[in-house]
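# Architecture and fold: a report
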Amino acid sequence: MDEARLKERVAAFLSENDPAGDRLEFLRARFDAGLAWVWFPEGLGGLGLSRDMQAVVERELAGTPQIDGGVQGIGLGMAAPTILAFGTDEQRRRFLRPLWTGEEIWCQLFSEPGAGSDLATLATRAVRDGDEWVVDGQKVWTSGAHHARWAILVTRTDPDVPKHRGLTYFICDMHAPGVDVRPLRQITGEAEFNEVFLTGVRLGDDLRLGAVGDGWRVAQTTLMNERVAIGGGGGGRGSGLVGGMLRSWREHPELRTHDLHQRLLSLWVEAEVTRLSGARLREQLAVGQPGPEGSGMKLSFAKLNQALTGLEMEFLRDLGYDDYAFRRSETVDFYGRGPGYRYLRAKGNSIEGGTSEILRNIISERVLGLPSEPRIDKDVPWKDLPR
Amino acid sequence: MSLLYSEVEEELRAAVRDLLADRCPPAVVLKRAESRPYDPDLWKTLAGEIGVAGLLVPEQYGGAGASASEAAVVLEELGRGIAPVPFFTSSVLATYALVRADAGELLERLADGRSTAALAVSFAASPYLPERGASVRVSDDGTLSGAVTGVAGADVADVLLVPAGGGLYLVEGAEVRATTSFDLTRPVSTVTLDGAAATRVGDVDLADVLRFGAGLLASEQYGVAQWCLDTTLAYVKERHQFARPVGSFQAIKHRLADLWLDVVRARAAARNAVAEGSPTAVAVAQAWNAGVAVRAAEEAVQLHGGIGMTWEHPLHLYLKRAKSAEVALGTPGDHREALASLAGVPGPAGSPGAELAGPSGAELAGSS
């Protein structure tokens, strides 16, 4: 289907569905018309087109009711591609539509107190009991768990084999008895994320995603999509955090100093070459030649965001903070909050979704082909690992 | 305006790379670096047979009428091979000046590589200070007198073009004295004119010529950086200490991952400098790529250990090229300073450019 045909299809959809009517009905109809994510298969909200065709749909449907990329972020960016890749037909039909419309919110139960960068060492156990699994353990850094209807969950099902091999991936019912969500207050004062205790949680075997013991491979799909989601995003020259810093800079000539000027110019250049690199990457993706540059985008943005938000605080010389009051935040709001918040929240950019150190390992091993460090944990059964 | 390479560009790249690998690998470049750095036979093949000399020459004068984008790909390869040919000085800087002056007859001579030209401008000049290092004046009798220091490519040129008082002159009888240069593979000379006979070939906007050159130099710098990264990667995979490849140590891997990220962004910046070609795009590419080439060469020297300090290994040619090119056509600092007004990031009161806030700053001033 070419661009003209796709536009016709959108026009036909709009002639039958009133954007001014019920929001949810409109979004459901959009999904059913294959205009949710056009690169998904027909019948699952897509048309089996290439990913760059989505821009056509977004342009044509600008100004109509939209989904919420913030609170739905984990569902859209991580759960959906994983369900598409590993789900059964039944799972795809059951979960993808309400995931996309936002009727059901998703969260991610991966990290644990004892398993962060070394995710594969996780200890949450799932034990089979007939047609069900019984899950016990503790998960942490779970953004949006308090909104979530469902979670993507990685568990240990076989402690007697090396750690990567004994994992199984599930869809977890967040309303099931035994799921206990507790907020974790962050250095910003608010709580975006939670710790989640799972005690005797019973999940049907029809909630298993992928084969028993294949959880690591399934999780890799989720994690690669997470990093693309965090590092992605377009925008023109001077957009993003550097744009916010520049507005502030232009509005306050009296606060400028030579030292800050030099540093800001350097960061402006770095932001610009990073933006160009992202633009080049998207061009490559559009012509079907994905490059390894994607692995680097998140690393670049983490460093830039931290440097820019640090500079902004020095520039403004404001010793206040907008609000440390404990609250549950819906989404990350860099722009609606003060410079102190931006500085503190940006500290998470080099931790969430894979620390910058782990990303450097990934780049050096998968892109540059450098040998891995000698490993003592690879061939040892998980239960015998020191912890 | 794409940041990717076209098929034609990839073919051109392959032709240049194969020729260099066959005729002039870095070890061969090193061998001749102290005696006659330039390789006239290699240049003849590259200029004439592959046709790189005429890339920027309009078709009506026997050239290919290609864009800066194609010339940039050639420069990536010449940087990667540290190739001893006067492509940048003759086929980019001098040729672009002649194209702007519409000097057809001279361009015809350059297009097929019969002649090689040099623009008598200091390599340490910049689009922001184009007269740096030059003191040439036009006498009443039409001869030129004065000197230009730090001229690249003049020692291999048979056509010398001298900018003076807004004009571009073809000069006979200049004294070209090669000096010992930090960059062995692109040595600089002092050009001295003492009542030299000169023919005016047209007008020249030197800042424009140097800006065009600076944009393309970013591609050469990217090529230098990429070679340094590739060569270092190969070395740390092979070199063993403590019974394992040194490239398996996290301290080494993380440095190289960061360097890779810098080099990836240098490629995007270099492509944008020729795709967009605006003063901002050129300043960004120079401000970034000049430093990345130096960083890549410095990391290469460090991560090669003692070998990196030896004359025997060609690495030092790249370090010397990178460090000289960092100064050439404006330092990264010069280009960042220019961005203060180009990008609307004005300095504190009283600093240069504080009043010239650029388009966005001007809007703000207008609205208040």
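Residues numbered from 1 in each chain as written. Chains lettered and ligands numbered in written order. Predicted model: local features only at pLDDT ≥ 70, side-chain atom pairs only at ≥ 80, totals over all residues.

The name given to chain B in an unreviewed UniProt entry is Acyl-CoA/acyl-ACP dehydrogenase, with the source organism recorded as Nonomuraea corallina. In its Sequence similarities (unreviewed entry) section, the UniProt entry covering chain B states "Belongs to the acyl-CoA dehydrogenase family." (UniProt positions renumbered as here; feature names shortened; annotations may be inferred.)

Going by what an unreviewed UniProt entry lists, chain A is known as Acyl-CoA dehydrogenase family protein and is assigned to Nonomuraea corallina. Among the UniProt annotations of chain A, the heading Sequence similarities (unreviewed entry) holds the following wording: "Belongs to the acyl-CoA dehydrogenase family." In UniProt, chain A has this text filed under Cofactor (unreviewed entry): "FAD".

Below, the discussion takes up the overall build of chain A. In terms of regular secondary structure, chain A is built from eleven helices and seven strands. Compactness check: chain A gives a C-alpha radius of gyration of 22 Å against a globular reference of 21 Å for 387 residues, within 12% of the reference. Along the first, second and third principal axes, the C-alpha set of chain A runs to 70 × 60 × 45 Å. Across the 387 residues of chain A, 41% fall into the buried class. (Helix = DSSP H or I, 4+ residues; strand = E, 2+ residues; numbered from the N terminus. Rg over C-alpha atoms; globule rule 2.2 N^0.38 Å. Buried ≥ 20, exposed ≤ 12 C-beta atoms within 10 Å, placed from the backbone.)

Within a beta sheet, neighbouring strands are joined by backbone hydrogen bonds and run either parallel or antiparallel to one another. Residue and element names in this part refer to chain B. If you trace the four strands from one edge of the open sheet to the other, you get E2-E3-E7-E6, paired in antiparallel fashion. Because the sheet does not close on itself, it has two edges, and the strands there are strand E2 (137–138) and strand E6 (175–178). Both E6 and strand E7 (residues 188–196) contribute to a ladder of four bridges, which runs antiparallel. Opposite Ala 178, over in E7, you have Ser 189 as the bridge partner. (Pairing = 2+ DSSP bridges.)

Here we take up the pairing of strand E2 (residues 125–129) of chain A. All names here are of chain A. Pairing analysis gives five bridges linking E2 to strand E3 (residues 132–140), with the strands arranged antiparallel. By the bridge assignment, Asp 129 is partnered in E3 with Glu 132. Counting the residues between successive antiparallel strands, the hairpin from E2 to E3 contains two residues, one of them, Gly 130, with a positive phi of roughly 70°.

A separate point is the nonpolar core. Judged by nonpolar contacts, the single largest core of 160 residues is most densely connected at Ala97(B), Ala120(B), Leu161(B), Val162(B), Ala269(B), Tyr318(B) and Leu339(B). Examining the composition of this core, we find that 16 residues originate from one element, helix H7 (residues 206–238) of chain B, more than from any other. Apart from the residues lying within four places of it in its own chain, the contact partners of Leu339(B) are Leu265(A), Trp268(A), Val269(A), Thr280(B), Ala283(B), Ala287(B) and Val345(B). If you look at the next biggest cluster of nonpolar residues, it comprises 58 residues, including Leu109(A), Ala148(A), Ile152(A) and Leu198(A). (Core = buried A, V, L, I, M, F, W, Y, C linked by C-beta atoms within 7 Å. Contact = placed C-beta atoms within 7 Å.)

This part takes up the environment of Glu175(B). Looking at the element boundaries, Glu175(B) is found in strand E6. It is 41 Å that separates the C-alpha atoms of Glu175(B) and His304(B), two residues lying 129 residues apart in sequence.

A few words on the domain arrangement of chain A. When the parts of a complex come together, some accessible area is lost, and that lost area is often taken as the interface size. When cut into domains, chain A gives domain 1 (1–66), domain 2 (69–213 + 373–387) and domain 3 (232–354). Placing the centre of domain 1 of chain A and that of domain 3 of chain A at their C-alpha centroids yields a distance of 32 Å. (Domains from an automatic or database assignment.)

UniProt marks residues 8–103 of chain A with the feature "domain: Acyl-CoA dehydrogenase/oxidase N-terminal" (unreviewed entry), using the numbering shown here. Helix makes up 55% of residues 8–103 of chain A and strand 0%. Its end C-alpha atoms lie 28 Å apart.

With 38 residues of chain B at the contact, the number on the chain A side is 37 residues. Of all the elements in the fold, those that place two or more residues in the side of chain B that touches chain A are H7, strand E10 (244–245), helix H8 (250–275), helix H9 (279–303), helix H11 (332–342) and helix H12 (358–367) of chain B. With 13 residues, the single largest contributor to the side of chain B that touches chain A is H8(B). Residues that form the side of chain B that touches chain A fall into these classes: 22 nonpolar, ten polar and six charged. (Nonpolar A, V, L, I, M, F, W, Y, C, P; charged D, E, K, R; others polar.)

This next bit is on the sheet that holds strand E5 (residues 167–171) of chain B. Residue and element names in this part refer to chain B. Taken together, four strands build an open sheet; the order of strands is E1-E4-E5-E8 and the sheet is mixed. Each end of this open sheet is capped by a strand with a single partner; those strands are strand E1 (117–119) and strand E8 (198–203). Neighbour-to-neighbour, the strand axes of this sheet turn through a mean angle of 30°, independent of strand direction. Direction of pairing for E1 relative to strand E4 (residues 159–164): parallel, over a ladder of three bridges. Across the sheet, the residue bridging to Ala 117 is Val 159, located in E4. (Axes fitted to C-alpha atoms, helices over the stretch in contact; angles between N-to-C directions.)

Here we take up the environment of Phe182(B). Tracing the backbone through its elements, the reader meets Phe182(B) in the loop between E6 and E7. For Phe182(B), the residues in contact, after removing those within four places along its chain, are Lys320(B), Lys323(B) and Ser324(B).

A few words on the packing of H8(B) against H9(B). All names here are of chain B. One way to put it is that H8 packs onto H9 with a least axis distance of 9 Å and a crossing angle of 150°. With respect to each other, H8 and H9 are oriented roughly antiparallel. When the axes of H8 and H9 are compared, the crossing they make is left-handed. Between H8 and H9, the residues in contact are Ile 252, Arg 255, Leu 259, Asp 262, Val 263, Arg 265, Ala 266, Ala 269, Ala 270, Asn 272 and Ala 273 and Ala 281, Val 282, Val 284, Ala 285, Trp 288, Asn 289, Val 292, Arg 295, Ala 296, Glu 299 and Leu 303, respectively. (Parallel < 35°, antiparallel > 145°, perpendicular 65-115°, else oblique. Left-handed = near helix turned anticlockwise from the far one by under 90°.)

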